[in-house]
Amino acid sequence: MHNRKLILSLKDINSNKKGNIAAIFSLSNGYMGIQASDPITGANDVGTLVNGFFEYSPITYGEPAAFYPKNNQTIVSLPSLRKIRLLDENNHSFNFSELKNISLDLSNGQLTEVYEVSNQGGEKIEMTVASAIDQKKLAFYGIKFSFKPISYQGKLVVDKHYKIERKNNDGVGEVEDPRKTRLVKSISKHIISSDDFREVIKIETKESQQSVTIEGYSTSEKMLTKRALKTGFDITYIYKVSEGVKNKGVSIEQNSFDKIKEHSHKFWEDVWNQSEVTVSGNDEINLALHFNIFQLNQATGRDGKTNIAAKGLTGSGYEGHTFWDTEMYMLPYFIYTNPEFARNLLIYRYHTLTFARKRAKELGIKHGALFAWRSINGEETSAYYPASTAAYHINGDIAYAIGKYYEATDDDDFMEKYGFEILLETARFWREFGSWTEKGGKKQFEFLTVTGPDEYTAMVDNNYFTNRMAENNLKLAYTVGLRLAKSNQKVFDRLNSSESELREFHHIADNIYFPMNAQYQINAQDDSFFSKPVWPFNKTPKTKYPLLLHYHPLNIYRYQVNKQADTILADFLFPETITDSQLRREFEYYETITTHDSSLSRSIFSAVAARMGKVNHAYRYFTDTVRLDLTDLQGNTEDGLHLANLGGSWLDVVQGFAGMQVSSQGLLKMIPHLPAEWDSFQIRLAFKKRLLDIVIDKSQTQIVLLSGDPMEIVINQSQQTLTKIIKINN
């Protein structure tokens, strides 16, 4: 970590709300997440999440229709592994707790907290809590409690047994804010075994029929309850969390807190070696960037069967669902730093193809697949189709990510086993979903009744972003398919494709219609967008944002108003499809009508502004993006971190200020723009089995080839051969 120890503490965040602290300082490893809740005052049955462990509950419709999703899926909040009970010699509890300090060491993943704990009589002790999650043996979490007297000098009883809270186990708790999660009640919790040495509890879901087993024991004196110990001691506990049959073969006695910390340290050492982004000249931004990358890596499912929820494993907001966020905002980071993680995230989509094929058929598409807008296991769970199922661009988003992964890795094995089948099935969907029409005396292909990324504009014809993603999807299926037909005919034949089908894809792609606005000479967001009046921003008080919580959707849909980047996002993804002058016109128009009510928005406006050379403008968006959760900018960090926005901050630095793109010829290129607030910045990138270290300062760009073969690279429009090191004046 460039010989610097980066530590996040209370002084680095703007809100000391307990929910915010629990989310921001959470620990996870892609398999399970542990919120940093107060061990004394936090709830017994809340604080631990397991990726993919969810419960069904029925969706209630006032007026149901054919093929509406039948069930919600909600991630289950499991008992806290941090909860502890402290009692004095007279069996009176220390029920009060005040957090005095907390620090998360981003170099090794270790969390340290100091609490002042008191009883009813005001007697106090100091409790220090050190914890870490295993990044190798993913089932394990370790936590160490140390106690020192302040005003209480007596003996202390420490109880780490679970207290199962008995609640009504029927139904589900509803919430009005769609960003939050419902309370799942149809689960059961049982203590399987319990003694002084060990305790095992089992949590089971009634409808999804899943189970998690939590096993805990003390490594210090091998007792979960310590009685009558003089203050001035410490106790360490190890927990093992097993979902279904996962992790059954690993004994809890085979692990220790030191081993957990060792595995964590090694993991983070490797992460920073591969992907560190360092800013010189602004320590606050530098720390925030490291924190964002840290949480991205913590959140990511690594087994090919789990993904990244919108809130990661830091909270249960959005019910633990995976969205298009993964492919558009988070996968780029992994593609260019940890291709193995990127591959597994894409394999997750492959494992949901059965659900996607079924969903396409339910919508009248006989051949092809339509991926779920929001889901945990791949089934569509959104009850509001105008802003979910109608967002067909999810297919193109996944295809785009597959194309970018392949472009950066040349992973033919992935494409043969997984990637091409997804490209083929999504291309087949577009072919059948779209239709031919006459426009301007020309036969063109269009897509009707769709919703683009902007969820304040729904059910329109020819959303520009959607059409652009479909075009890319169809062309990818064509180019990859032709390559496979020559290199591995068996794969091609297994999927019942043909070169004539591929040519049909290409023909459709060449004739897709893209709406333009003649008055402003920009891409129109959709066919009807410019026929609507602009939202009355000057009459809308700040207290009415985000609009979705204060206005009926049909009210919002009548106006030109964007929740987030839409056409501008397409411009970001396909920079070679638009001229500089048109991009500037487009940016300036859509910026005036965008509310940024979505956390996904600012990062895209920042990256595009940086590419345009509007660096100061870009930097204003970036400062909101990079510290969004540390400042609680959206007002709901307590529900979990905004993982897509964390990925967006990386996009801003690497694809915005550093100007990293891959050209149509497959060459990595950099067009750097250094913010005036920085002295320099340094990034590491993986590309085609090479590791690059890039430093950009006020005078030059330096690129060092740390590993891999020499390569061609483009810097500021100049193509160079990188053998070891290149320095180009900016």
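Please read all numbers here as calculations on a predicted model, not as lab measurements.

With that out of the way, let us pick up the overall build of the chain. Each helix and strand in the chain was counted, giving 17 helices and 32 strands. The C-alpha atoms of the chain give 26 Å as radius of gyration, which agrees with the globular expectation for 730 residues (27 Å, within 12%). Referenced to the eigenvectors of the C-alpha coordinate spread, the extents of the chain come out at roughly 90 × 65 × 60 Å. For the chain, with 730 residues in total, the buried portion stands at 62%. In the chain, of all internal contacts separated by at least 6 residues, the share reaching a separation of at least 24 is 66%. Summing over all exposed atoms, the chain offers an accessible surface of approximately 28,000 Å²; the carbon and sulfur share of this is 47%. Taking the average location of the 84 positive side-chain charges in the chain and that of its 88 negative ones, the two points are 2 Å from each other.

With that out of the way, let us pick up the confidence of the model for the chain. Taken as a whole, the chain shows an average pLDDT of 93; of its residues, 95% reach a score of 70 or greater. This model gives residues 168-172 a pLDDT under 50, and the stretch forms 11 contacts once residues within four places in sequence are excluded.

Moving on: the pattern of salt bridges. Inspection of every chain in the model, using the stated rule, returns 37 salt bridges. With a shortest N-O distance of 3.0 Å, Lys563 and Glu455 are connected by a salt bridge. Placement of Lys563 in the loop between α12 (553-556) and α13 (567-573) and of Glu455 in the loop between β22 (442-446) and α9 (464-487) is noted, with a sequence separation of 108 residues between them. A salt bridge links Arg468 to Glu471; the nearest nitrogen and oxygen atoms lie 2.8 Å apart.

Strand order in the open sheet made by the 4 strands is β25-β26-β30-β31, with mixed pairing throughout. Only two strands of the sheet have a single neighbouring strand rather than two, namely β25 (661-662) and β31 (718-722). Of the pairings in the sheet, the one linking β25 to strand β26 (residues 668-670) comprises 2 bridges and is antiparallel in character. Counterpart to Val662 in the pairing with β26 is Leu668.

What follows covers the pairing of strand β12 (residues 155-159). The buried count for β12 comes to 4 of 5 residues, which makes it a mostly enclosed element. Both strand β7 (residues 85-87) and β12 contribute to a ladder of 3 bridges, which runs antiparallel. What sits directly across from Leu86, in β12, is Val158.

For any two helices packed against each other, the geometry comes down to the angle between their axes and how far apart the axes lie. Direction vectors running N to C along helix α3 (residues 283-299) and helix α16 (residues 615-626) enclose 55 degrees, while the axes themselves pass 10 Å from each other. As summarised for this structure, α3 and α16 are arranged oblique, according to the angle between their axes. In this structure, α3 meets α16 at a crossing whose hand is left-handed. For the pair formed by α3 and α16, the contact residues are Ile285, Ala288, Leu289 and Asn292 on the first element and Tyr619, Phe622, Thr623 and Val626 on the second. Residue composition of the contact of α3 with α16, grouped by class: 6 nonpolar, 2 polar and no charged.

Burial runs high along helix α4 (residues 325-335): 11 of the 11 residues are buried. Looking at α4, one finds that the buried residues are Asp325, Thr326, Glu327, Met328, Tyr329, Met330, Leu331, Pro332, Tyr333, Phe334 and Ile335.

Another aspect to go through is the packing of aromatic side chains. Throughout the structure, instances matching the rule amount to 51 aromatic pairs. Ring plane angle 55 degrees and centroid distance 4.8 Å describe the contact between Tyr61 and Tyr68, whose orientation is recorded as tilted. Between the aromatic rings of Trp535 and Tyr559, the centroid separation amounts to 5.1 Å while the plane-to-plane angle is 75 degrees, which identifies the pairing as edge-to-face. With Trp535 in the loop between β24 (522-523) and α12 and Tyr559 in the loop between α12 and α13, this residue pair connects regions lying 24 residues apart in the sequence. No difference in accessibility class separates Trp535 from Tyr559, as the two residues are buried.

Next up on the list: the pairing of strand β19 (residues 233-243). Taking burial as the measure, the 11 residues of β19 include 10 buried ones, the bulk of the element. Both strand β11 (residues 140-149) and β19 contribute to a ladder of 8 bridges, which runs antiparallel. Across the sheet, the residue bridging to Tyr141 is Tyr239, located in β19. Of the strand pairs in this sheet, strand β17 (residues 211-218) and β19 are connected by 7 bridges, and their pairing is antiparallel.

This part is about α9. An α-helical segment advances 3.6 residues per turn. Residues three or four places apart therefore align on the same side. The terminal C-alpha atoms of α9 lie 35 Å apart, and with 24 residues this matches the ideal 34 Å at 1.5 Å per residue to within 8%. In terms of burial, α9 is largely enclosed, as 17 of its 24 residues are buried.

Pairing is antiparallel across the open sheet formed by 3 strands, whose spatial order is β2-β3-β4. In the strand order of this sheet, the two ends are held by β2 (27-28) and β4 (48-50), each with one partner. The pairing of strand β3 (residues 32-34) with β4 spans 3 bridges and is classified as antiparallel. Paired with Gly33 across the strands is Leu49, a residue of β4.

This brings us to the environment of His506. One can find His506 in helix α11 (residues 499-510). Looking at His506, the relative accessible area reads 24%, which means it is partly exposed.

Positionally, Gln210 belongs in the loop between β16 (198-205) and β17. Accessibility expressed as a relative area gives 17% for Gln210, which makes it buried. Here the side chain of Gln210 touches Glu243 through a polar contact of 3.5 Å, side chain to side chain. With residues near it in sequence (within four places) discarded, Gln210 still touches Gly52, Phe53, Phe54, Ile203, Glu204, Thr205 and Glu243.

What counts and how
Every chain begins its residue count from 1, and numbering advances along the sequence as written. The predicted origin of the model limits local features to residues at a pLDDT of at least 70 and limits the giving and counting of side-chain atom pairs to 80 or more, whereas totals for whole chains, interfaces and linings rest on all residues. Working from all heavy atoms in the structure, the side-chain values ignore hydrogens and water. Only DSSP runs of H or I covering at least 4 residues are called helices, and only runs of E covering at least 2 are called strands; the numbering of each starts at the N terminus. We compute the radius of gyration over the C-alpha atoms and compare it with the globule rule, which gives 2.2 Å times the number of residues raised to the power 0.38. When accessible area is computed with a 1.4 Å probe and restricted to protein chains, residues below 20% of their type maximum are described as buried, those above 50% as exposed, and intermediate ones as partly exposed. We call two residues in contact when some of their heavy atoms are within 4.5 Å. Working definition of accessibility: Shrake-Rupley area with a 1.4 Å probe, residue cover restricted to the visible protein chains. All tallies of charge rest on Lys and Arg as positive and Asp and Glu as negative; His and the ends of each chain are not included. Here the site of a charge means atom NZ of a Lys, CZ of an Arg, CG of an Asp or CD of a Glu. One number per residue, pLDDT, summarises how confident the predictor is, and it ranges from 0 to 100. Criterion for a salt bridge: a side-chain nitrogen of Lys or Arg within 4 Å of a carboxyl oxygen of Asp or Glu. The pairing criterion is simple: DSSP has to find at least two bridges between the two strands. For every element, the axis is a line fit to its C-alpha atoms; helices are fit only across the contacting stretch, and the angle between N-to-C directions ranges from 0 to 180 degrees. Throughout, the term roughly parallel applies to angles under 35 degrees, roughly antiparallel to angles over 145, roughly perpendicular to angles from 65 to 115, and oblique to all others. Rotating anticlockwise by less than a right angle from the far helix to the near helix defines a left-handed crossing, while the corresponding clockwise rotation defines a right-handed one. Gly counts as polar in this scheme, as do all residues outside two lists: the nonpolar Ala, Val, Leu, Ile, Met, Phe, Trp, Tyr, Cys and Pro, and the charged Asp, Glu, Lys and Arg. A pair of Phe, Tyr and Trp rings is counted when the ring centres sit within 6.5 Å of each other, with Trp represented by its six-membered ring. The angle between the planes then sorts it: under 30 degrees is stacked, over 60 is edge-to-face, the rest tilted. Under the convention used throughout, the expected extent of a helix is 1.5 Å for every residue step, that is, one less than its residue count. Throughout this description, a polar contact denotes any pair of N or O atoms lying within 3.5 Å of each other; where both atoms belong to protein, one of them has to be capable of donating a hydrogen while the other can accept it, and for residues adjacent in sequence the pair is counted only when both atoms sit in side chains.

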